[in-house]
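Survey of secondary and tertiary structure
In case you want the letters, here they are:
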Amino acid sequence: SQKIEQNSEALNIQEGKTATLTCNYTNYSPAYLQWYRQDPGRGPVFLLLIRENEKEKRKERLKVTFDTTLKQSLFHITASQPADSATYLCGHASGGSYIPTFGRGTSLIVHP
Amino acid sequence: GAGVSQSPSNKVTEKGKDVELRCDPISGHTALYWYRQSLGQGLEFLIYFQGNSAPDKSGLPSDRFSAERTGGSVSTLTIQRTQQEDSAVYLCASSLVGGGEKLFFGSGTQLSVL
């Protein structure tokens, strides 16, 4: 079955730097990948979705890439701020399923 | 506008009791999902409703779990004879159409089974 893998270790970076988070998937290429942000005690919030035929998608300081050769999506936050500190989840639905599955998320900590 | 609303936000119950968790999706959203999130774990799919179609119950962990969605809107997740391993955050999400894209999540119900 398809698996989504995210780095379980927290990513610590300095304010102003670019944060890069990785999402790897196994087996077949999903029709799309989507990224969510989750703050403690809250539900995930949708950020970006990138489709299989798209290489890159941007939204303000956020950028997502999709590399079907590497079976990987990268999520970038440029000019990071302490307010960007949160857990970021990668998810997808594929193989004809309409039910998204998610990775465990990567915690991002931006230090002032 | 109003987002996805879940109640209660916290529920403490004794082992063996039944609990009901409620979800009010965004008005007009046809798809509704229930997930469970244990501490430090990812989102575990439980059940999916899409319009008037039969729900996909493939994620329910046991027959103690059930859910319904009345009138294509409000959903209730029921856990019978709760066990300590049921302790988790139960999250509800809705989306405008099916397909699993762009889910709007509620803040969840923190369930603690003593």
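Residues numbered from 1 in each chain as written. Chains lettered and ligands numbered in written order. Predicted model: local features only at pLDDT ≥ 70, side-chain atom pairs only at ≥ 80, totals over all residues. Heavy atoms only, no water.

A closer look at the sheet that holds strand β8 (residues 72-77) of chain A
Residue and element names in this part refer to chain A. To keep things clear, this is the line we draw: In this description, strands pair whenever DSSP reports at least two bridges between them. Helix and strand definitions follow DSSP, with helices as H or I runs of at least four residues and strands as E runs of at least two, each counted in order from the N terminus. Orientation is described by lines fitted to C-alpha atoms, with helices fitted over the stretch in contact, and by angles between N-to-C directions that extend from 0 to 180 degrees.
On the basis of which strands lie adjacent, the open sheet formed by 5 strands has the order β1-β3-β8-β7-β6 and antiparallel pairing. The sheet is open, and its two borders are formed by β1 (4-6) and β6 (56-59), each paired with just one other strand. The sheet shows a mean angle of 15° between the axes of neighbouring strands, taken without regard to direction. Pairing of β1 with strand β3 (residues 19-25), which is carried by 3 bridges, proceeds in the antiparallel orientation. Paired with Glu-5 across the two strands is Asn-24, which belongs to β3.

Brief notes about the pairing of strand β4 (residues 31-37) of chain B
Residues and elements named next belong to chain B. Defined as follows: Categorising residues by exposure relies on relative accessible area from a 1.4 Å probe, with only protein chains included: less than 20% of the type maximum marks a residue as buried, more than 50% marks it as exposed, and the intermediate range marks it as partly exposed.
Judged by how many residues are buried, β4 sits mostly within the fold: 7 of 7 residues are covered. Burial along β4 is two-sided: the face carrying Ala-31, Tyr-33, Tyr-35 and Gln-37 and the face carrying Leu-32, Trp-34 and Arg-36 are both buried. Hairpin connection of β4 to strand β5 (residues 43-50): 5 residues between the antiparallel strands, including Gly-40 at a positive phi of 75°. As defined by bridge partners, β4 adjoins strand β8 (residues 88-95) across 7 bridges and the pair is classed as antiparallel. Looking at β8, one finds that Tyr-33 is bridged to Ala-93.

Quick notes on the confidence of the model for chain A
Inclusion rule: As a per-residue measure, pLDDT reflects the predictor's confidence and takes values from 0 up to 100.
Of the residues in chain A, 97% reach a pLDDT of 70 or more, and the chain-wide mean stands at 91. Across chain A, element-level confidence peaks in strand β11 (residues 106-111) of chain A with a mean pLDDT of 97 and bottoms out in β1 of chain A with 89.

Let's talk about the interface of chain B and chain A
Quick reminder of the rule: By definition, residues are in contact when any of their heavy atoms lie within 4.5 Å. Throughout, buried area stands for the accessible area (probe radius 1.4 Å) lost by two parts on being put together, summed over both. The rule for a salt bridge is simple: a side-chain nitrogen of Lys or Arg has to be within 4 Å of a carboxyl oxygen of Asp or Glu. In protein, a polar contact means a hydrogen-donor-capable atom and an acceptor-capable atom, both N or O and within 3.5 Å, with residues adjacent in sequence counting only if both atoms are side-chain atoms; elsewhere, any N or O pair within 3.5 Å suffices. Under the scheme applied, nonpolar residues are Ala, Val, Leu, Ile, Met, Phe, Trp, Tyr, Cys and Pro; charged residues are Asp, Glu, Lys and Arg; polar residues are all the others, including Gly.
Taken together, the contacts link 19 residues of chain B with 19 residues of chain A. Both sides together, the interface formed by chain B and chain A hides about 1500 Å², and carbon and sulfur atoms give 55% of it. Along the contact surface separating chain B from chain A lie 1 salt bridge. Here chain B is connected to chain A by 10 residue pairs in polar contact (both at pLDDT 80 or more). At the level of secondary structure, the elements contributing two or more residues to the side of chain B that touches chain A comprise β4 and β5 of chain B. Residue composition of the side of chain B that touches chain A, by class: 8 nonpolar, 8 polar and 3 charged.

Considerations on the environment of Cys-90 of chain A
Residues and elements named next belong to chain A. Of note, Cys-90 is situated in strand β9 (residues 86-92). Expressed as a C-alpha distance, the spacing of Cys-90 and Pro-100, which sit 10 residues apart in the sequence, is 9.8 Å. Ignoring sequence-local partners within four residues, the contact set of Cys-90 consists of Ile-4, Gln-6, Cys-23, Leu-33, Gln-34, Trp-35, Thr-101, Phe-102 and Gly-103.

Thoughts on the environment of Arg-81 of chain B
Residue and element names in this part refer to chain B. Secondary-structure assignment places Arg-81 in the loop between β7 (75-79) and β8. As a C-alpha pair, Arg-81 and Leu-43 span 38 residues in sequence and 23 Å in three-dimensional space. Those residues in contact with Arg-81 that sit more than four places away from it in its chain are Gly-16, Lys-17, Asp-18, Asp-63 and Arg-64.

Thoughts on the nonpolar core
As a rule of thumb, nonpolar side chains are buried together in soluble globular proteins. Rules: Definition of nonpolar core: a set of buried residues of the types Ala, Val, Leu, Ile, Met, Phe, Trp, Tyr and Cys, connected through side-chain atoms within 4.5 Å.
Ranked by internal contacts, the top residues of the largest apolar core, which has 21 residues, are Leu-33, Trp-35, Phe-75, Ile-77, Tyr-88 and Leu-108 of chain A. When contributions to this core are tallied by element, the ones reaching two or more residues are β3, β4 (32-38), β5 (45-51), β7 (62-67), β8, β9 and β11 of chain A. Here this core gets 4 residues from one element, more than from any other, and that element is β3 of chain A. With 20 residues, the next largest nonpolar core counts Val-19, Leu-21, Cys-23 and Leu-77 of chain B among its residues.

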